[in-house]
Amino acid sequence: KLQFLYLIGPTPPGKGRAPRTQHYTMTQFTPQQLTGQKGYRPRTLVGNWSEDIQYQEDEMKDYMSRKEGGQLLSQQIKGKIAGHKQPVALAPPPEDGFLRAGQLYCLQSGETQGLLSVDLDDQLTAKPHRKFAATTRPASEPMLRNTFLFETLPHPEDEFWSEKGEGDVLHYGQKVRVVLNPDLQKEGKKVFLHSERLTPSCHSPVTGEQEVSLADHGTSALTWVFLYANPEFRFEMEGQPVKANNIVVLQHCVTGMYLASHKKTHLNDFGGECEVFAKKVYQVRGKTNECRPEAPANHWVCVTALAEGE
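Definitions and limits used
Residues numbered from 1 in each chain as written. Predicted model: local features only at pLDDT ≥ 70, side-chain atom pairs only at ≥ 80, totals over all residues. Heavy atoms only, no water. Helix = DSSP H or I, 4+ residues; strand = E, 2+ residues; numbered from the N terminus. Buried < 20%, exposed > 50% of the residue type's maximum accessible area, 1.4 Å probe, protein only. Contact = heavy atoms within 4.5 Å. Pairing = 2+ DSSP bridges.

**Considerations on unusual backbone geometry**
Backbone geometry follows two general trends: most residues other than glycine have a negative phi, and most peptide bonds adopt the trans configuration. Following Lys 127, the chain continues to Pro 128 via a peptide bond in cis, the omega torsion being 0 degrees. With respect to the helices and strands, the residue Pro 128 is situated in the loop between strand 4 (115–125) and strand 5 (131–137). Positioned with a positive phi, Gln 113 is a non-glycine residue whose angle comes to about 60 degrees. For Gln 113, the location among the structural elements is in the loop between strand 3 (106–109) and strand 4. Its identity as a non-glycine residue notwithstanding, Asn 245 has a phi of 60 degrees, on the positive side. Inspection of the secondary structure assignment puts Asn 245 in the loop between strand 10 (223–228) and strand 11 (247–252).

**A look at the environment of Tyr 172**
With respect to the helices, strands and loops of the structure, Tyr 172 is situated in the loop between helix 4 (158–163) and strand 7 (175–180). In this structure Tyr 172 comes out as buried when scored by relative accessible area, which is 5%. Linking Tyr 172 and Met 237, residues 65 residues apart in sequence, is a C-alpha distance of 6.7 Å. In this view, Tyr 172 contacts Phe 226, Leu 227, Tyr 228, Met 237, Glu 238, Gly 239, Gln 240, Pro 241, Val 242, Lys 243 and Val 248; residues no more than four positions away in its chain are not counted.

**Here we look at the pairing of strand 7**
Working note: regular strand, side chains alternate between the two faces of the sheet. In terms of strand pairing, strand 6 (residues 148–152) meets strand 7 through 5 bridges, oriented antiparallel. Across the sheet, the residue bridging to Phe 148 is Leu 180, located in strand 7. Bridge count for strand 7 against strand 10 is 3 bridges, and the pairing is antiparallel. Bridging across to strand 10, Lys 175 finds its partner in Val 225.

Any functional reading would require information that these geometric values do not contain.
This is the structure we're talking about:
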């Protein structure tokens, strides 16, 4: 508050006493402004109008400075989306038709027809153990956010496969890690497809199923294995090469659950996408799980580039 001293009238003639004075108090803000209401604009010159004008000018200067430096949230999101959507060349169709380690593929869901994707700003947990939400989304072309490669882990049959000329070929029953395109790494770290057991504090964000994410940490939680799509011949196909562009089932080695996706919306900066989780989803109900076919939610296709002329 500001204190002002006013003279109230002149000194009466013939009187030696001093003129009468009165203290007057003026507040810088109106009662409405003190309660948070902005009922008056600065041009009305009511309340603290001068500071309001200065505050608006400072806000505009700060906005223009951040805009010129590309620091606005809208600019950051636009740049992130452009970086995630950079086109990528997939592995060419193999002559023998088999998948190989170290080559880029897209993983397409049989339920949503979308490609497995990631948004590296959609973090489920913070540092040092960061996890990023995994989703599926239809796409017209392969890009950084929806292309992956496979890393193989040691297997007792490695020597046998090498003698057959299949050292880099992926086989059913062989443990692999699913790695995000290295050109979209977070701070130079590899990002892997990850899952862990369902707990009250660790579950998929939409439906509460077993969480599947992409993480830059972990060991056994990053391990998956290819299973033959038809359960009646799954045992016989153990150790056989995995064919590209064919339906497969991806099983998490630690929990035994299958990679799945359904049409439940998960929101991120790219819009509404389909949630990814881990669960055994069967087409029919039964008392036992043996020989029961999995539903399309558990079906995935490792997509290669189109052959010439297609």
